[in-house]
Amino acid sequence: MDNVNAGDDHHNLENDKDQENCDDNPLPDQGEEESDSSEDEVAPRNTVGDVPLEWYRDEKHIGYDISGKKILKKEREDRLQSFLASADDSKSWRKVYDEYNDEIIELSKEEVRQLRRLLKGKAPHADFDPHAPYVDWFKWDDAKHPLSNAPEPKRRFIRSKWEAKKVVRLVRAIRNGHIKFDKPKEEQQFHDLWGDDSSTTEKTSHLSYIPAPKPKLPGHDESYNPSLEYIPTQEEINSYQLMYEEDRPKFIPRRFTSMRSVPAYDNALKDAFERCLDLYLCPRVRKKRINIDPESLKPKLPNRKDLRPYPTTCYLEYRGHKDAVMSISTEANGQWIASGSLDGTVRIWEVETGRCLKVLELGEPVKYVAWNPRPDLPILAAAAGADVLLLNTGLGDGEVQAKIKEVLHVDKLPVTENSDKTPAATWLQDDKTGGIRLRHFKSVSAVEWHRKGDYLSTLSKKLTQKIPFKLHGLPVSSVFHPTQSILFVSTKKEVRVYNLLKQKLLKKLKTGLREVSSIAVHPAGDNVIVGSREGKLCWFDMDLSSEPYKILRCHPKDITNVAFHRSRPLFASCSDDGTAYVFHGMVYSDLTQNPLITPLEILRGHKTVNGRGVMDCKFHPMQPWLFTAGADSVIKLYCH
Amino acid sequence: MVNKVTRKKHYRPPGQKKEGNAARYVTRSQAVKQLQIGLPLFRKLCIYKGVFPREPKKKVKGNHHTYYHLKDISFLHHEPLLEKCREIRAYEKKIKKADAKKNKERANFLIERRPTYLSGLLRIIKERYPKFIDALRDLDDCLSLVHLFAALPAQERLKVEAKRIHECRRLSHEWQAFISRTHKLRKVFISVKGIYYQAEVEGQKITWLAPHALHQILTDDVDLTVILNFMDFYEKLLAHVNKHLFNSINLEYPPILDPRLEALAADFYALLRFFDANTRTSLLNPQTSSSSQFGQVDAEDSELRLAQLQHQLPLNEPTALMHLVEDASGMDEDEDEDTRECKKLFKNMKFFLSREVHRESLLFIIPAFGGMVSWEGDGAPFKESEKTITHQIVDRSTQTHKFLSRDYVQPQWVFDCVNNRIILPTEDYLVGRDPPPHLSPFVDNDAEGYVPDYAVTLNKLKADAKNEILPLPGVGKEDLDDPQKLLDAGVIDRAKAIEAAEMKQKMMALEKEYHDELKLELQGGKYSSAISNVDKQLPDQEKEGGEDTNLPDYQQMAEDTDKLSKVMMSRKKKSLYEAMQIGKRTKKGKIDLLHERKKKHKESHKSQ
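Because the structure is a prediction, the values reported are computed rather than measured.

Caption draft 1: Here's a closer look at the sheet that holds strand S19 (residues 494-499) of chain A. Residues and elements named next belong to chain A. With antiparallel pairing, the 4 strands of this open sheet are ordered in space as S17-S18-S19-S20. The outermost strands of the open sheet, each flanked by one partner alone, are strand S17 (475-480) and strand S20 (504-510). Each neighbouring strand pair of the sheet contributes to a mean axis angle of 20°, computed without reference to strand direction. As paired strands, S19 and S20 are joined by 6 bridges and run antiparallel to one another.

Caption draft 2: Up close: the interface of chain B and chain A. Contacts between chain B and chain A engage 123 residues on the former and 96 residues on the latter. Carbon and sulfur atoms supply 62% of the area buried between chain B and chain A, which totals about 9,700 Å² over both sides. Across the contact surface, chain B and chain A share 6 salt bridges. Applying the counting rule to chain B against chain A returns 26 residue pairs in polar contact (both at pLDDT 80 or more). Of the residues belonging to the side of chain B that touches chain A, the class tally is 56 nonpolar, 30 polar and 37 charged.

Caption draft 3: Highlighting the pairing of strand S27 (residues 580-586) of chain A. Residues and elements named next belong to chain A. Within S27, 6 of the 7 residues are buried, which leaves it mostly tucked inside the rest of the structure. Relative to S27, strand S26 (residues 570-575) runs antiparallel, the two sharing 5 bridges. Its bridge partner lying in S27, Ala572 is registered against Val582. If you look at the hairpin formed by S26 and S27, you'll find 4 residues sitting between the two strands, and Gly578 has a positive phi there, around 85°. Across 7 bridges, S27 lies against strand S28 (residues 596-603) in antiparallel orientation. By the bridge assignment for S28, Ala580 is matched with Leu603.

Caption draft 4: Summary view of the packing of helix H3 (residues 39-49) of chain B against helix H11 (residues 224-248) of chain B. Residues and elements named next belong to chain B. It is the contact of H3 with H11, at a shortest axis distance of 9 Å, that shows an interaxial angle of 35°. When the axes of H3 and H11 are compared, the crossing they make is right-handed. Mapping the contact onto sequence places Lys44, Ile47 and Tyr48 in H3 and Val226, Asn229, Phe230, Asp232 and Phe233 in H11. Residue classes in the contact of H3 with H11 are distributed as 5 nonpolar, 1 polar and 2 charged.

Caption draft 5: Geometry of the nonpolar core. B:Trp175, B:Leu185 and B:Leu237 are the most contacted members of the largest nonpolar core, which totals 131 residues. The element that contributes the greatest number of residues to this core is H11(B), accounting for 14 residues. Ignoring anything within four residues of it in the chain, the contact list for B:Trp175 reads B:Leu139, B:Leu143, B:His147, B:Val201, B:Ile206, B:Trp208, B:Leu238, B:Val241, B:Asn242 and B:Leu245. By size, the runner-up hydrophobic cluster in this structure holds 19 residues, among which are A:Ala370, A:Leu377, A:Ala383 and A:Val400.

Caption draft 6: Examining helix H5 (residues 161-176) of chain A more closely. Residue and element names in this part refer to chain A. When the terminal C-alpha atoms of H5 are compared, their 22 Å separation across 16 residues agrees well with the 22 Å that a helix rising 1.5 Å per residue should span. Of all the 16 residues making up H5, 1 are buried; the element is thus mostly uncovered. Capping the start of H5 is the job of one residue whose side-chain oxygen sits 3.4 Å from the backbone nitrogen of Trp162: Ser160. Backbone geometry just after H5 places Gly177 at a positive phi near 85°.

Caption draft 7: Representation of a nonpolar patch on the surface in the model. Residue and element names in this part refer to chain A. On the surface, Tyr134, Trp137, Phe138, Trp140 and Leu147 cluster together to form a nonpolar patch covering roughly 720 Å² of accessible area. Relative to the elements of secondary structure, Phe138 occurs in the loop between helix H4 (109-120) and H5. Judged by its relative accessible area of 30%, Phe138 is partly exposed.

Caption draft 8: The arrangement of the packing of aromatic side chains in detail. Residues and elements named next belong to chain B. Considering all chains together, one arrives at 28 aromatic pairs over all chains under this definition. Judged by centre distance (6.4 Å) and plane angle (70°), the ring pair of Phe346 and Phe369 falls under edge-to-face. Note that Phe346 is positioned in the loop between helix H16 (337-344) and strand S6 (350-353) and Phe369 in the loop between helix H17 (359-368) and strand S7 (372-375), a separation of 23 residues in sequence. For the pair formed by Phe346 and Phe369, the shared burial category is buried. Summarising the aromatic geometry, the rings of Phe351 and Trp413 are spaced 6.3 Å apart at their centres and angled 40° between planes, so their arrangement reads as tilted. With Phe351 in strand S6 and Trp413 in helix H18 (residues 411-420), this residue pair connects regions lying 62 residues apart in the sequence. Of the residues examined, Trp413 reaches a relative accessible area of 0% and is grouped as buried. Seen from the ring of Phe75, Lys49 lies directly overhead, with NZ or CZ sitting 3.9 Å from the centre. The ring of Phe382 is capped by Lys350, whose NZ or CZ atom sits 4.6 Å from the centre of that ring.

Reading guide: rules and limits
- Numbering of residues starts from 1 in every chain and runs along the sequence as written.
- Think of it this way: whatever chain is written first is A, whatever ligand is written first is 1, and the rest follow in order.
- In keeping with the predicted nature of the model, local features appear solely for residues at pLDDT of at least 70, side-chain atom pairs appear and are counted solely at 80 or more, and the whole-chain, interface and lining totals rest on all residues.
- Hydrogens and water molecules were not included; the side-chain quantities draw on all heavy atoms of the structure.
- When DSSP finds two or more bridges between two strands, those strands count as paired.
- Numbering of helices and strands runs from the N terminus; a helix is a DSSP stretch of H or I covering at least four residues, while a strand is a stretch of E covering at least two.
- Every axis corresponds to a line fitted to the C-alpha atoms, with the helix fit spanning only the stretch in contact, and the corresponding angles, defined between N-to-C directions, vary from 0 to 180 degrees.
- Contact between two residues is taken to exist if any of their heavy atoms lie within 4.5 Å; hydrogens are not considered.
- Throughout, buried area stands for the accessible area (probe radius 1.4 Å) lost by two parts on being put together, summed over both.
- When a carboxyl oxygen of Asp or Glu is within 4 Å of a side-chain nitrogen of Lys or Arg, the pair counts as a salt bridge.
- Two N or O atoms count as a polar contact when they lie within 3.5 Å, although within protein this holds only if one can serve as hydrogen donor and the other as acceptor, and sequence-adjacent residues are included solely when both atoms are side-chain atoms.
- The nonpolar class holds Ala, Val, Leu, Ile, Met, Phe, Trp, Tyr, Cys and Pro. Asp, Glu, Lys and Arg form the charged class, and all remaining residues, Gly among them, are polar.
- Only protein chains enter the calculation, and the probe is 1.4 Å; a residue is then buried if its accessible area is under 20% of its type maximum, exposed if over 50%, and partly exposed in between.
- Should the near helix be turned anticlockwise from the far one by less than a right angle, the crossing is left-handed, and should it be turned clockwise, the crossing is right-handed.
- Only buried residues count toward a nonpolar core. Its members are Ala, Val, Leu, Ile, Met, Phe, Trp, Tyr and Cys residues joined through side-chain atoms within 4.5 Å.
- Here the expected span of a helix is defined as 1.5 Å times the quantity of residues minus one.
- A patch consists of residues exposed above 30% relative accessible area that lack any salt bridge, with like charges linked at up to 9 Å and nonpolar side chains (Val, Leu, Ile, Met, Phe, Trp, Tyr) linked at up to 5 Å.
- For every accessible area listed, the method is Shrake-Rupley and the probe measures 1.4 Å; residues are considered covered only by the protein chains on display.
- Pairing of aromatic rings covers Phe, Tyr and Trp, the last through its six-membered ring, and needs centres within 6.5 Å; plane angles under 30 degrees mean stacked, over 60 mean edge-to-face, and all others mean tilted.
- Whether a charge lies above a ring is judged from NZ of Lys or CZ of Arg, which has to be within 6 Å of the ring centre and within 35 degrees of the ring normal.

The quantities given are spatial measurements derived from coordinates; they are silent on function.
What follows is the structure, encoded as structure tokens:
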């Protein structure tokens, strides 16, 4: 029987008690103190010796006797039996197993009492009095001499100074009210803080107080019993797990059919805490909440009805080219258009019927075509490969033809009225078509006529026409001023304006674009539009500044070309996204008034081929019609 | 070549003063250093004083700092509370020292006389809210937190003292009693988080959340010191707001409650009784002084005596109480229409709450709307067997014993009635049925773009109820249809009649517009929704174009016009516009989701 309470010390003690009990002396003498010596007196009955018992824990014997024989352990009862026995035995609680002697000891009542007293920290015997009156062993009465001969000190007869000081201090503290004997009142006083509101009218000089925004009011979904459509399905709830932490809805609506089934809200304290944090940790700024109709953000544009006519619908299609039409050009009278295509042909069409008048095979992909702006000299310039061909189109009566033939005749020595002296280009007579072939070193990308048709500017990858100016970067596009002898040349980043008479740089227009693709000049000559490869269209007012007056982000893709109408306030841009925009661009003669720009129409119809959409757009010289050439080898005419 | 010596970006010669944001804003650590206090004390002061970080236009020290305005910090610097806090800290050291020296007597002596900064807080309240209305404006958070604390378990280990919890309970009850007594409650909403109440006091809408009366858990992830600092302030604030409100209706503060009712934990009811008793005395006092010359003195006196003896009245004496309530209701003249409407909602109705019903909220709400209420338990004003009870509120699945004279409804009925300001039919809310969905009164359904089905039926019911009431005279609503008749009857003067006529015209115009729009919509079919008003400018032309190509692609045209107008927008406006469109789209997405779910539910319902 293992008794947990009994430790090793107690064992020894109990052993002693046992011994004493055997002597039938339950009340030990008070004088005979239970000294440690008593332990030594009693001989230990086992002969194991002073050996830790755990050495033999797993053995069958407990030690050896004096003759060296094993002392065997007693057979232990199994647990069930011992339990049953203990249950039957009413005295089992006072039985203790003595491991050392390997026997069970039953404690007597007195011993239990003693144990209890010991546990409480008292003397083991009940009748031991720890506070017994002191019996002085020294007899004072008949002593002749005192123990000390010193005279009685003075301080035995006077008051203590320090005590007096302490008393004085306390008295003073009481008198001055530092020490109060009644406890301070618990009750708090309530004042009506806002008793008279009138007195608090003066303004505080503090900063403006920004009140914290109020917490959001609950919606239908926070109800304990929301309508069914507010409750997400299980799949939706699962899909929340895939969301980012901050996107995930914090609150998932649930439905309870009765109020008693609503459980306590787990995050009540947390929500309150977060609100508290917001109140004192969040920076506050006054922000104007914009509560406007988004439609009101759109600028007030003049009514498009008033700006008519402008091209709106596709009226005619000119089909015949086998490949993308790169360029078109209208004749000065507006009767013919010429188109150059990558299939190496130049075609001339009658505008009103769509009949193809002539097909000129050039052999090389035609990049650019341009009519001579003079109505009496219908010469067509076409850029194909590294050549520029001045072609006789065969239009007009005999007189005109004779004149053309005269113009297109090249002497052996290439000194003609055409262009400046260009050692970069050689003038040759082209026998096949009866025109002039200007041979350049590199492929030519654009050709532009001067207003009188006397001069021609060509652009190739290498600068060919001899302009006595330095260009920073490759030229992209060039255009002549409609009335003065001024040339606009655009590089990728900027547009340079040169005076050809004085041969000097007049102006640089900073576009701020990534890559300029095309340029066009207003017939009055003061306004320039520039199209870029990022789809932006810049309107420059040259009198205003060298920076764009307006940037229109209209196309999502590259702008391929821009064009002004010669007489009407219209301009257009075409882009690789297959659309062309028509704008109204009114320039006033009054210098104080800014030009009015209004987008009018988006013209669709061209298909995108190999990522290229509309390649070129040109206005009819008289009518408000627009020609567009597409990469889908179709030319379209849009009429009002 | 030019700038070989690298200079600091914002170089300022030594000795020159800072300017701009650098001079106006300091970071938090700078502020703490400047004030020479620790961070916890700084936080505490910020909470008490209501000092918050601000967002400077240019953050001089970098993005990851909190910036305080220098004025705010100097405002804290001159705060007497700062000095007081230092004093308290020194005092705490004294106690500690006495403890360490085993001078128990002195330690006790010191502990008893600990200084508090109560008076400092009062001054701060007055400083932060110079006018009462300012205090009301900021009361939302205060009320929510006090109501939450009233439901928390006291835990000394976490410094949530039982005393504070009791104080919060008391304060919340006082506030509710005032709101209920003056009929200022406007909206209530049972949510999963608790019950939202909205009251209107002095024109201010005050919304607060009271958690469900269930055991709340104190979690570890919350820093209670912050909340307790807020509580220190809020307790004082609410106590003084209550004081002001009580005084405004001639009541003493703090109220003296019936100890018997208090012991029964019916302190809210005790408060209401206190209200009734005292308003009567205050109401009668001036009368007695004025009419004392006349012979009615005796009768008046006896009545007054009766009221004063209210505390000693036997608890269950419904007749006396009813008498008092009725009398008290007749006294306030300066009420707005809303209050009058609220007061009348449950008039002449008697409610009885069953044992399982959440008592506190209903005890608050029903009297706020003019009803009378009792509950099962000690101290209740009337018993379940009372014959005049009209509604019994039950929150269980079945009710075995039923009186035929009363309706057995679920608690949601009361809430829905209150939110719609009509007495709803009780059929849907009877015991054992699943009640109809409980809708939030804080949502503007039309602005949200989605109207739940039950909101439609509620609106119909409301309209029906109004039609019944409108013809009744003296309701206070102008009869728009016939101002001339009213003029004839001399009910309203000429100006009012003109006003009414104008209003009618306006209404007619609006109606006509609406009808026109409807017609247009019908004609336009699918495209009208997509086409914006810009498009209306050139419908003829576009239609012609459409006929030419035989493909009237209206969608494309709408897109085109949209694009064209976008081309001319400035970048700023365009981004704003696009952001708005995104917002619209997300909102629409949410609504679509709701519609879709609804459709699914309907289908599943049908298939079953």
